[in-house]
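# Chains, contacts and geometry: an overview
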Amino acid sequence: MQKLPSHAHEVPANGPAVVTQFLDVETPEMRSLYEKAKRDQWNASSDIDWDSGLAPDCGILPDGLIDIYGTPYWERMSAAERLQLNRHFSAWRISQLMYGEQFALMVCGQIANAVPGIDAKFFMATQVMDEARHSEVLARYLYEKVGVTYPLTSNLSDMFDRVLETPLWYLKTVGTQLVAETLAVSLFRMLADHSPDPLISQICRRILADESRHMGFGMLSLPEQVTELSDREIAEAEDFACVATAGLLQGQFPQEAYEAVGFSKAEIHDIKTMRRTAAEKNEYVAFRQYFKKDFHTALWSNMDKVGLLSRRAIDKLGTMGICAPERSAAAA
Ligand SMILES: [Fe+2]
Ligand SMILES: [Fe+2]
């Protein structure tokens, strides 16, 4: 067994590698997605204006996304303290996105092996490159511009490992292109449209252009695959989607960011409780409502489009507060 540094871990990931001897165009829509991916490659080193951004008095995420925004904790802080919390809170959140990009890179390499069709293999080769670029660009932003990174949460790590471990390519696609990328797109859109920092907005706009192709892969490859599955396998894929969603949404409290700016253990405990209560009553400020609605609507509609939204999947999503788009719109 190889010796790994303390910041790395190994995942047992054996699955079948499918070799095909038919390399002509098989699925024209997938081949055209591959053509678009080749056409729209960009270079994180030269296509981003690295000299811009992160002015001394500039936050990264909108303040409204910070749990304590609008509470007495927020009111008592000076402008400088709020800015410092914003930077740490944002670095914590973007660190999780950065690890997610590396995870996507690795899973797509596995899908390129396991998926049977050549067009899908070609497209996955471009997604591996896209995800390498996304990992690179977020890492450079955090290490070079913000100067802070935070560790991967255990919930996300478990979710990533689960997707890497399954030998079935379509479950990897359910966990990655269908669920994780839907959440990532909502976060990137939020940053692109509302961040006070022009550099991260620019980076996220670039990433979003790639992500729409990645979600396109799920939409093109999954519906036909789902029609070939047995009822038991469909139930397994739905459960996989719901477990992946829970892995992304739960246990995502930026405790280390609050600690870094001097909050006490008791205060952090109080903030966690406040956050839970707000979630139960759906009393989020405008930005969190907007984000939640965006993610829930997209996930619901994507699961529906690929044929993974049975009554039991709807019930499972409901336990996480995810309901039909009309209802979530009415609740917002
Ligand atoms: Fe990505
Ligand atoms: Fe992606």
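In this text, all values refer to a predicted model and were calculated from it rather than measured experimentally. (Residues numbered from 1 in each chain as written. Chains lettered and ligands numbered in written order. Predicted model: local features only at pLDDT ≥ 70, side-chain atom pairs only at ≥ 80, totals over all residues. Heavy atoms only, no water.)

## A few points about the coordination of the iron ion (ligand 2)
Listed as protein donors to the iron ion (ligand 2) are Glu131 (OE), Glu181 (OE), Glu211 (OE), Glu211 (OE) and His214 (ND1); their distances from the metal cover 1.9 to 2.7 Å. Counting residues between consecutive donors of the iron ion (ligand 2) along the chain gives the motif E-x49-E-x29-E-x2-H. In this structure, the iron ion (ligand 2) lies 3.1 Å from the iron ion (ligand 1), and both are coordinated by Glu131. Placement of Glu181 in helix α6 (residues 169–194) and of His214 in helix α7 (residues 198–227) is noted, with a sequence separation of 33 residues between them. (Donors = N, O, S within 2.8 Å, 3.2 Å for Na, K, Ca; no water. Helix = DSSP H or I, 4+ residues; strand = E, 2+ residues; numbered from the N terminus.)

## Concerning the confidence of the model for the protein
Detailed reading of the predicted coordinates is not advisable wherever pLDDT falls low. Here the protein averages 93 in pLDDT, while 96% of its residues score no lower than 70. Taken element by element, the predicted model of the protein shows its lowest mean pLDDT in helix α13 (residues 325–331) (57) and its highest in helix α1 (residues 28–39) (98). Predicted confidence is poor over residues 328–332, with pLDDT under 50, and the contacts of this stretch with residues over four places away or in other chains come to 7 contacts. (pLDDT = per-residue confidence, 0-100. Contact = heavy atoms within 4.5 Å.)

## Here's the deal with the coordination of the iron ion (ligand 1)
Taken together, Glu101 (OE), Glu131 (OE), His134 (ND1) and Glu211 (OE) make up the full set of protein donors to the iron ion (ligand 1), lying 2.0 to 2.3 Å away. One can describe the donor arrangement at the iron ion (ligand 1) as irregular, given that its 4 donor atoms subtend angles of 82 to 140 degrees at the metal. (Tetrahedral: all angles 85-135°; square planar, octahedral: opposite > 155°, others 65-115°.)

## A look at the environment of Gly15
Inspection of the secondary structure assignment puts Gly15 in the segment before α1. Looking at Gly15, the relative accessible area reads 49%, which means it is partly exposed. Residues Gly15 and Ala114, 99 residues apart in the sequence, show an inter-C-alpha distance of 7.2 Å. (Buried < 20%, exposed > 50% of the residue type's maximum accessible area, 1.4 Å probe, protein only.)

## Looking at the nonpolar core
Membership of the largest hydrophobic core comes to 102 residues, with the highest contact counts inside it found for Ile68, Leu138, Tyr141, Ile203, Tyr258 and Phe263. Each residue touching Tyr258, except ones within four places of it in the same chain, is listed here: Ile66, Asp67, Ile68, Leu85, Phe89, Phe253, Phe263, Ile268 and Ile271. (Core = buried A, V, L, I, M, F, W, Y, C linked by side-chain atoms within 4.5 Å.)

## Some remarks on the packing of aromatic side chains
A complete count under the given rule lists 9 aromatic pairs for this structure. When the centroid spacing of 5.2 Å and the interplanar angle of 35 degrees are considered together, the rings of Tyr34 and Phe122 count as tilted. Separated by 88 residues along the polypeptide, Tyr34 in helix α1 and Phe122 in helix α4 (residues 118–146) bring together distant segments of the chain. In this structure Phe122 comes out as partly exposed when scored by relative accessible area, which is 25%. In this structure an aromatic cluster arises from ring pairing among Tyr73, Phe89, Phe253, Tyr258 and Phe263. (Phe/Tyr/Trp six-rings, centres within 6.5 Å; stacked < 30°, edge-to-face > 60°.)

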